[in-house]
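Inside the fold
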Amino acid sequence: MTRHARGASALPSTALPLDAAATSETETATFGLGCFWGPDARLGVRPGVVRTRVGYAGGSTPSPTYRDLGDHTEVVQVDYDPTATSYRDLLDWFFHAHNPRANSPIRQYDNLVLWHDEAQREAVEAAVAEREARRGRLTTRAEPLDSFTVAEHYHQKYRLRSAPAVFDALAASYNDAAIRESTVAARLNGLVAGYGSVALLDDEGGEFGLPEDLLARLRDRLE
Ligand code: MHO
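This write-up is about the structure you can find in this document. Worth saying up front: this structure is predicted, and the values here are computed from it rather than measured.

Turning our eyes to something else, we now look at the overall build of the protein chain. Helix and strand content of the protein chain: 10 helices and 6 strands. A compact globule built from 223 residues would reach a C-alpha radius of gyration of about 17 Å, and the protein chain, at 17 Å, matches this within 12%. In terms of overall dimensions, the protein chain has a C-alpha envelope of 50 × 35 × 30 Å along the principal axes. Relative to its full complement of 223 residues, the protein chain shows a buried share of 48%. The contacts of the protein chain with a sequence gap of at least 6 include a subset with a gap of at least 24, amounting to 76%.

Let us look at the site of the ligand. Near the ligand you find Cys35, Phe36, Trp37, Tyr66, Glu74, Gln108, Tyr109 and His155, and these make up its full shell. Taking Tyr66, its side chain carries an N or O atom lying 3.3 Å from an oxygen atom of the ligand. Between Glu74 and the ligand, the recorded distance is 2.6 Å, taken from a side-chain N or O atom to an oxygen atom. In isolation the ligand offers 310 Å² of accessible surface; the protein chains occlude 60% of this area. In terms of residue class, the shell around the ligand is made up of 5 nonpolar, 2 polar and 1 charged.

Let us now look at the packing of aromatic side chains. What the rule picks out here adds up to 5 aromatic pairs. Between the aromatic rings of Trp37 and Tyr158, the centroid separation amounts to 3.6 Å while the plane-to-plane angle is 5°, which identifies the pairing as stacked. Highlighted residues: Trp37 in helix H2 (residues 37–44) and Tyr158 in helix H5 (residues 158–161), separated in sequence by 121 residues. Here Trp37 falls in the partly exposed class, since its relative accessible area comes to 26%.

Quick look at the environment of Leu218 now. Inspection of the secondary structure puts Leu218 in helix H10 (residues 212–222). Each C-alpha atom of the pair Leu218 and Asp176 lies 22 Å from the other, and the pair is 42 residues apart in sequence.

With respect to the helices, strands and loops of the structure, Arg131 is situated in helix H4 (residues 118–135). Owing to a relative accessible area of 10%, Arg131 belongs among the buried residues under this scheme. Residues contacting Arg131, with those up to four places away along its chain left out, are Asp92, Phe95, Arg101, Gly136 and Leu138.

Next up on the list: helix H3 (residues 87–96). Three- or four-residue spacings in an α-helix give side chains the same orientation, since the helix completes a turn every 3.6 residues. Looking only at H3, the buried set comprises Tyr87, Leu90, Leu91, Trp93, Phe94 and Phe95. Against the buried residues of H3 lie strand E1 (27–33), H2, strand E2 (49–57), strand E3 (73–80), strand E4 (111–115) and H4.

A few words on the layout of surface pockets. Reported here for the largest pocket is a volume of approximately 150 Å³. Of all the secondary-structure elements, those providing two or more residues to the lining of the largest pocket are helix H1 (17–21), E2 and helix H8 (183–191). Across the lining of the largest pocket, the residue classes tally to 6 nonpolar, 3 polar and 4 charged. Counting only domains with at least three residues in the lining of the largest pocket, you end up with domain 1 (3–151) and domain 2 (154–222).

The final tally for this structure, using the stated rule, is 14 salt bridges. Across the pair Asp110 and Arg141 runs a salt bridge whose closest N-O atoms are separated by 2.8 Å. With Asp110 in the loop between H3 and E4 and Arg141 in strand E5 (residues 141–144), the pair connects residues that are 31 residues apart, well separated along the chain. Side by side, Asp110 and Arg141 carry an identical accessibility label, which is buried. Put simply, Arg137 and Glu132 hold a salt bridge, and the shortest N to O gap is 3.3 Å. By relative accessible area, Arg137 is classed as exposed at 66%.

Conventions we followed
- Residues numbered from 1 in each chain as written.
- Predicted model: local features only at pLDDT ≥ 70, side-chain atom pairs only at ≥ 80, totals over all residues.
- Heavy atoms only, no water.
- Helix = DSSP H or I, 4+ residues; strand = E, 2+ residues; numbered from the N terminus.
- Rg over C-alpha atoms; globule rule 2.2 N^0.38 Å.
- Buried < 20%, exposed > 50% of the residue type's maximum accessible area, 1.4 Å probe, protein only.
- Contact = heavy atoms within 4.5 Å.
- Near = heavy atom within 4 Å.
- Polar contact = N/O pair within 3.5 Å; in protein donor to acceptor, adjacent residues only side chain to side chain.
- Areas by Shrake-Rupley, 256 points an atom, 1.4 Å probe, with all protein chains shown as cover.
- Nonpolar A, V, L, I, M, F, W, Y, C, P; charged D, E, K, R; others polar.
- Phe/Tyr/Trp six-rings, centres within 6.5 Å; stacked < 30°, edge-to-face > 60°.
- 1 Å grid on protein atoms, 1.4 Å probe; cavity = no way out; pocket = protein on both sides within 12 Å on 5 of 7 lines; lining within 4 Å.
- Points joined across faces, edges and corners; volume = space filled by probe spheres on them.
- Domains from an automatic or database assignment.
- Salt bridge = Lys/Arg side-chain N within 4 Å of Asp/Glu carboxyl O.

Okay, structure coming up:
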């Protein structure tokens, strides 16, 4: 499995408590599920997910951008703690999060799973075979990850950026690259969109390093 500490270096030395404690022993998974704003928010509150980032993958056009994707697809990439969740769990989530027999007419929004290594390839092929044995051919694309191009900052943690009070509290500590690679930002991005749970806030909210009144407002939003 790919292990790396890519995200950690984007954070300042005064990282918020949950980020300072986040493990760098992560593995990475990449999924396309339509417009990447939604799955970024939903995956950001999943137990075991440490970081998320959105980008372009699944094609061969060099240097894709949002305005010029070429043959790439919008994807969300997650770094997860393999002691807290598994690639199988994420794959199950992925297959429940879309209709695997109705892909998008637009390549930009394809349902797509991109494996990072042999172990992931085997898991993907098994997950596809299991589903095809039950109900016939899937249209979801399943391919090896070739390149991943990180998307523009304004697409990272998009839902959080649409919640200025919470975003500004985080931006007081972090620049755009740090926000992209922050566990706190990943959680907040889901929470402001109404994903996640009171239990998640109870477990981790105290380590967000945010003012109590903001946490109370997030809790109200969930209840
Ligand atoms: N606002 C666009 C989707 C953007 S997503 C990053 C829309 O709703 O059509 O592709």
